[in-house]
Amino acid sequence: MSAYQAVAIMPTADGGSRLLDLPLALCRKTQAGLWEGISGATGWGITQGTGEGYGEWHNSAMAGLSIVLRGSWAIEAGDGARRVLRPGDMLVMLDTVGRGHRSYPLEQPCAVIGIAFDAPTEARLRQEAAAIS
């Protein structure tokens with residue numbers, strides 16, 4: 001199965017964070033009409049950010065996936081690395097502990113869909129990200 005490239009924000013042992021490229025496996029529909037490669041989620045929602053308070057250091061409230069729908073924003077890891085996220089870009093949020101990251105709206109309005117991972121999906125993605133680190 002092929003993969004789609006996402007950006008992941010990971011906690012570091014010193015309480016900071018770092019960015020890395022993380023391939024996400026694509027799901028596919030089989031000839032029997034069933035889906036393979038589906039990852040579990042516990043919830044989802046769409047948010048439209050105004051940019052207020054985003055410049056402060058914060059971590060992710062839960063492990064999940066953010067997909068930019070409209071606008072753009074930058075994310076800065078604790079090690080100083082920055083990435084710009086535009087419509088269609090995906091961010092895997094795994095920095096649920098420590099200092100976290102900062103984010104800055106660049107083009108507004110910025111709308112993002114957020115999907116919270118279930119525990120097995122979070123554990124699998126943490127393991128895959130750790131293998132890349």
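See the structure printed just above.
Residues numbered from 1 in each chain as written. Predicted model: local features only at pLDDT ≥ 70, side-chain atom pairs only at ≥ 80, totals over all residues. Heavy atoms only, no water.

Asker: Is there a simple way to think about the packing of aromatic side chains in this case?
Answerer: Centre-to-centre distance and the angle between the planes together describe a pair of aromatic rings. One pass over the structure, following the stated rule, counts 0 aromatic pairs. When the ring centre of Trp57 is taken as reference, the NZ or CZ atom of Arg99 above it lies at 3.8 Å. (Phe/Tyr/Trp six-rings, centres within 6.5 Å; stacked < 30°, edge-to-face > 60°. Lys NZ or Arg CZ within 6 Å of the ring centre and 35° of its normal.)

Asker: How should I be thinking about a nonpolar patch on the surface in this particular structure?
Answerer: A contiguous nonpolar surface patch, about 380 Å² in accessible area, is contributed by Trp44, Ile46 and Leu69. Within the secondary structure, Trp44 is located in strand E5 (residues 41–49). Overall, the relative accessible area of 64% leaves Trp44 in the exposed class. (Patch = residues over 30% accessible without salt bridge, like charges linked within 9 Å, V, L, I, M, F, W, Y side chains within 5 Å. Areas by Shrake-Rupley, 256 points an atom, 1.4 Å probe, with all protein chains shown as cover. Salt bridge = Lys/Arg side-chain N within 4 Å of Asp/Glu carboxyl O. Helix = DSSP H or I, 4+ residues; strand = E, 2+ residues; numbered from the N terminus. Buried < 20%, exposed > 50% of the residue type's maximum accessible area, 1.4 Å probe, protein only.)

Asker: Would you take a moment to explain helix H1 (residues 119–132) for this structure?
Answerer: Because each turn of an α-helix spans 3.6 residues, side chains separated by three or four positions end up pointing in the same direction. Taking 1.5 Å as the rise per residue, H1 with 14 residues should run 20 Å; its terminal C-alpha atoms sit 20 Å apart, in good agreement. Within the span of H1, buried status applies to Thr121, Leu125 and Ala129. Taken down its axis, H1 places every buried residue within 65° of arc, on the same side. The exposed set on the far side of H1, more than 90 degrees from its buried face, consists of Ala119, Pro120, Gln127 and Ala131. (Expected span 1.5 Å × (residues − 1). Arc of directions from axis to C-beta.)

Asker: Just checking my understanding: could you explain the pairing of strand E1 (residues 3–11) for this structure?
Answerer: A regular strand places its side chains so that they alternate between the two faces of the sheet. Inspection of the sheet shows E1 paired to strand E2 (residues 17–25) by 9 bridges, in the antiparallel sense. Directly across from Ala8, in E2, lies its bridge partner Leu20. The hairpin formed by E1 and E2 contains 5 residues between the paired strands, and Gly15 there has a positive phi angle of roughly 90°. (Pairing = 2+ DSSP bridges.)

Asker: Can you help me understand the nonpolar core in this one?
Answerer: For soluble globular proteins, the rule of thumb is that nonpolar side chains tend to be buried together. Judged by nonpolar contacts, the single largest core of 16 residues is most densely connected at Leu22, Leu24, Leu65, Val92, Leu94 and Phe117. Counting only elements with at least two residues in this core, the list comes to E1, E2, strand E6 (64–76), strand E8 (90–93), strand E9 (102–117) and H1. If we ignore the near neighbours within four places in the chain, the residues touching Val92 are Ala6, Val7, Ala8, Ile9, Leu22, Leu24, Gly64, Leu65, Phe117 and Leu125. Formed by 12 residues, the second largest nonpolar core is a distinct cluster that contains Ile9, Trp73, Cys110 and Val112. (Core = buried A, V, L, I, M, F, W, Y, C linked by side-chain atoms within 4.5 Å. Contact = heavy atoms within 4.5 Å.)

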